[in-house]
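# Descriptive structure summary
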Amino acid sequence: MKIITYTDGGARGNPGPAGIGCVLYDAATREVIGEVSEYIGETTNNVAEYTALVYALQKALELGADSVMCYLDSELIVKQMNRVYRVKDAKMQKLFVQVWNLSQQFEQVTYDHVRREKNKAADKLANDAMDR
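In short, a report on the structure. All of these numbers come straight from a predicted model, not from anything done at the bench.

## Quick notes on the overall build of the protein
Of regular secondary structure, the protein possesses four helices and five strands. Secondary structure elements of the protein occur, N-terminal to C-terminal, as β-β-β-α-β-α-α-β-α. On the principal axes, the C-alpha backbone points of the protein span a range of 40 × 30 × 25 Å. When each of the 132 residues of the protein is scored for burial, the buried share is 48%. Relative to all contacts within the protein whose residues are 6 or more apart in sequence, the contacts with residues 24 or more apart total 70%. Only carbon and sulfur atoms are counted for the fraction: they give 46% of the accessible area of the protein, which is about 7000 Å². Each charge class in the protein can be summarised by its mean position, and for the 16 positive and 18 negative side chains these summaries are 6 Å apart.

## Observations regarding the sheet that holds strand β2 (residues 16-26)
Pairing is mixed in the open sheet, where five strands are placed in the order β3-β2-β1-β4-β5. The open sheet is flanked by β3 (32-43) and β5 (108-113), the only strands paired with a single partner. Mean inter-strand twist for the sheet, computed between neighbouring axes without regard to direction, equals 20 degrees.

## Some thoughts on the nonpolar core
Tyr50, Leu53, Leu57 and Tyr111 are the most contacted members of the largest nonpolar core, which has 29 residues in total. Mapped by element, the contributors of at least two residues to this core are β2, α1 (45-62), β4 (67-72), α2 (75-81), α3 (90-103) and β5. The dominant element in this core, judged by the number of residues it contributes, is α1, at eight residues. Non-local contacts of Leu53, meaning those with residues more than four positions away in its chain, are made with Thr7, Cys70, Leu72, Ile77, Met81, Val99 and Tyr111.

## As for the layout of surface pockets
What the largest pocket holds in volume is close to 160 Å³. Lining the largest pocket are 15 residues, and of these Gly9, Gly10, Asn45, Glu49 and Arg116 sit closest to its centre. Those elements giving two or more residues to the lining of the largest pocket turn out to be β1 (2-11), α1, α2 and α4 (120-131). Looking at which element gives the most residues to the lining of the largest pocket, the answer is α4, with four residues.

About the thresholds
Per chain, residues are indexed from 1 in the order of the written sequence. It should be noted that, the model being predicted, local features are given only for residues of pLDDT at least 70 and side-chain atom pairs only at 80 or more, the latter also being counted only at that level, while totals for whole chains, interfaces and linings use all residues. Only hydrogens and water are set aside; all other atoms, that is, all heavy atoms of the structure, feed into the side-chain values. Only DSSP runs of H or I covering at least 4 residues are called helices, and only runs of E covering at least 2 are called strands; the numbering of each starts at the N terminus. Throughout, exposure labels follow a simple rule: accessible area from a 1.4 Å probe, protein chains only, divided by the maximum for the residue type, with under 20% read as buried, over 50% as exposed, and the rest as partly exposed. Residues are treated as being in contact if the distance between any of their heavy atoms lies within 4.5 Å. All accessible-area figures derive from a Shrake-Rupley calculation using a 1.4 Å probe, and residue coverage is judged against the displayed protein chains alone. Neither His nor the chain ends contribute to the count of charged residues, in which Lys and Arg are positive and Asp and Glu negative. Where a charge lies is defined by one atom per residue type, namely NZ (Lys), CZ (Arg), CG (Asp) and CD (Glu). A pair of strands counts as paired when DSSP detects no fewer than two bridges linking them. With axes taken as lines fitted to C-alpha atoms, and helix axes fitted only over the stretch in contact, angles between N-to-C directions fall between 0 and 180 degrees. Joining through side-chain atoms within 4.5 Å is the link that ties buried Ala, Val, Leu, Ile, Met, Phe, Trp, Tyr and Cys residues into a set, and such a set is a nonpolar core. Of the grid points, spaced at 1 Å and generated over the protein atoms alone, those admitting a 1.4 Å probe that cannot get out make up cavities, while open sets with protein on both sides within 12 Å along at least five of seven lines make up pockets; any residue with an atom within 4 Å of a point is treated as lining. Grid points are joined across faces, edges and corners, and a volume is the space filled by probe spheres set on the points.

Right, dumping it as structure tokens:
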């Protein structure tokens, strides 16, 4: 099964209260098959973005995916996951490794940047989590 994920993480203040949002779609039907909206405490925007990706990959595993296309509006995270940029921050290094290890459980995982206006559903879920 091929799954498409859209993820977003944000913090109000940097660091500040943070939330994540993930929307998972069946790639064949384009139907929503999963959502995540979680408050994750006080952290930075970048840590929230990585955490959203972790949750999305975990959910994709639960749903039985063998291939995942990940869309994020964080160009930094996409470039780090695609090995264009190095991960220098210690907290982000741990999350990078967590994402990398999760990705090894799939036949294929891709990471692509998407403009914020194309990521509204995940953004709404992240903001809903921060509002709770």
